Amino acid sequence: MIKLKRTFHAIGQGAFCSECFQNESGKEVFNIVYDCGTLSSKNYLFKAIDDFAKGRESIDVLFVSHFHEDHVNGISKLLSKCEAKKMVVPFMPLATFVEQYVFNIINSGTAANSANEFIVNYYLEENDKIIKIPPFEVERGVSEDGIFHSNIKSYQAKFIQKLDDFWEYIPFNIKDNRVDAFLNGFKMNYPDLYKAFVKMDKNGINTVNAYFSTEKKIKEMEAYYKTFFPKLNESSMAMVSKPIENLCQKEASCLYTGDYPFRVTDFCKQLRYYYSAQWDEIGTMQVAHHGASNDNPKSLFDRKRDCVICYGIGNRYGHPGLKTIESIIDSKSQPRCVTQFCNYSQSIVF
């Protein structure tokens, strides 16, 4: 007998999700975390991290959906308490790397933000603990060159082996092609910054951070950025957590979405296609973008599921959106609200 405890932790406007497997004697045999960050008070986040870390020395796999503060600013705290044996992150081509780093400066109003610190301290590191999942478009066309693994299937096998051949995790990363036009313009308008980014090292990043030392420079970049991305925050690695085929309780599967850009019709279609074999068996869905209406088209809610919405009470964005709630209810699904005051857990026995 194996027991799975899946928890969406109470941390407010952000995401911190975990799955922990126990054997018949109650001993934990495997665990994963998907994201760890919030824009609400970090007191809630740190309490959730402390509760998770009690009696636990390590995390088997830490998944990071994308590199924004409300999804990563608790990871350093988490890793100070639990070592991550593996970290799975979305691979960023140079264009995406520049876009994400610039976004974090604009969004936080400073070059000294926790999201970019995470990128520098973890993403730029090259070691066998960090697995970088390439975008769907290049997944099978990129050779393994020490930068990231293109063979996702071989990596999944490591999870399956650890879980006695009954569970697997399937990540899905996608590239927003607008970043290429953004980078071309960036190279032309900010040649020195471009050269600093190309280095992809801490010295180059120090040059970038020094450039954005004034509010004026940040505002200038924000105006440029918004000519390409009027709507900020459109990048994320999704993941399906599921039993292997031909097992009972297939609806124990969960789709983690982070801030996946469902508002872009083609991106929505590509994710549905990629997970077409699993789609009807997904029993739990983390609703993207904290339930924002524009980022959760009605077509997503096409059958009965537990729909988990992670948001902060009193957040400035007005999340979750009324249309999202209505779409969930219309599909006969159950909205599960996770705030800084309330988490949501599932216990599933195999």
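Just above, that's the structure.
Throughout what follows, the structure given in this document is the object of discussion. (Residues numbered from 1 in each chain as written. Predicted model: local features only at pLDDT ≥ 70, side-chain atom pairs only at ≥ 80, totals over all residues. Heavy atoms only, no water.)

## Notes on the overall build of the protein
- Along the backbone of the protein there are 12 helices and 13 strands.
- Partitioning the contacts of the protein with sequence separation of at least 6, the portion at a separation of at least 24 is 72%.
- Looking at the protein as shown, the accessible area adds up to about 15000 Å², and 50% of this sits on carbon and sulfur atoms. (Helix = DSSP H or I, 4+ residues; strand = E, 2+ residues; numbered from the N terminus. Contact = heavy atoms within 4.5 Å. Areas by Shrake-Rupley, 256 points an atom, 1.4 Å probe, with all protein chains shown as cover.)

## Some details on the state of the cysteines
- According to the stated counting rule, one finds zero disulfides in the structure shown.
- Its sulfur unpaired, C342 is 8.1 Å from the next cysteine sulfur, which belongs to C337.
- Residue classification places C342 among the partly exposed residues on the basis of a relative accessible area of 38%. (Disulfide = S-S within 2.5 Å. Buried < 20%, exposed > 50% of the residue type's maximum accessible area, 1.4 Å probe, protein only.)

## As for unusual backbone geometry
- In this structure, P320 follows H319 across a cis peptide bond, with omega equal to -5 degrees.
- Inspection of the secondary structure puts P320 in the loop between β11 (306–310) and α12 (322–330).
- In the Ramachandran plot, H290 falls in the positive-phi region, its phi being about 60 degrees despite a non-glycine side chain.
- The topology assignment puts H290 in the loop between β10 (282–286) and β11.
- You can call H290 buried: its relative accessible area is 7%.

## A look at the sheet that holds strand β3 (residues 28–38)
- If you trace the seven strands from one edge of the open sheet to the other, you get β6-β5-β4-β3-β2-β1-β13, paired in mixed fashion. Each edge of the sheet is formed by a strand with only one pairing partner; in this case those strands are β6 (130–133) and β13 (344–349). Neighbouring strand axes in the sheet, compared pairwise and without regard to direction, differ in orientation by 15 degrees on average.
- Examined bridge by bridge, strand β1 (residues 3–8) and β13 share six bridges and lie antiparallel to one another. Pairing of K5 across the sheet is with S347, part of β13.
- In this fold helix α1 (residues 42–53) packs onto β2 (14–22), β3 and β4 (58–63), with an angle of close to 175 degrees to the strand it touches most, β3.
- Contacting β5 (83–90) and β6, helix α5 (residues 114–123) runs over the sheet at an angle of about 110 degrees to β5. (Pairing = 2+ DSSP bridges. Axes fitted to C-alpha atoms, helices over the stretch in contact; angles between N-to-C directions.)

Limitation: the analysis is restricted to geometry and does not speak to function.
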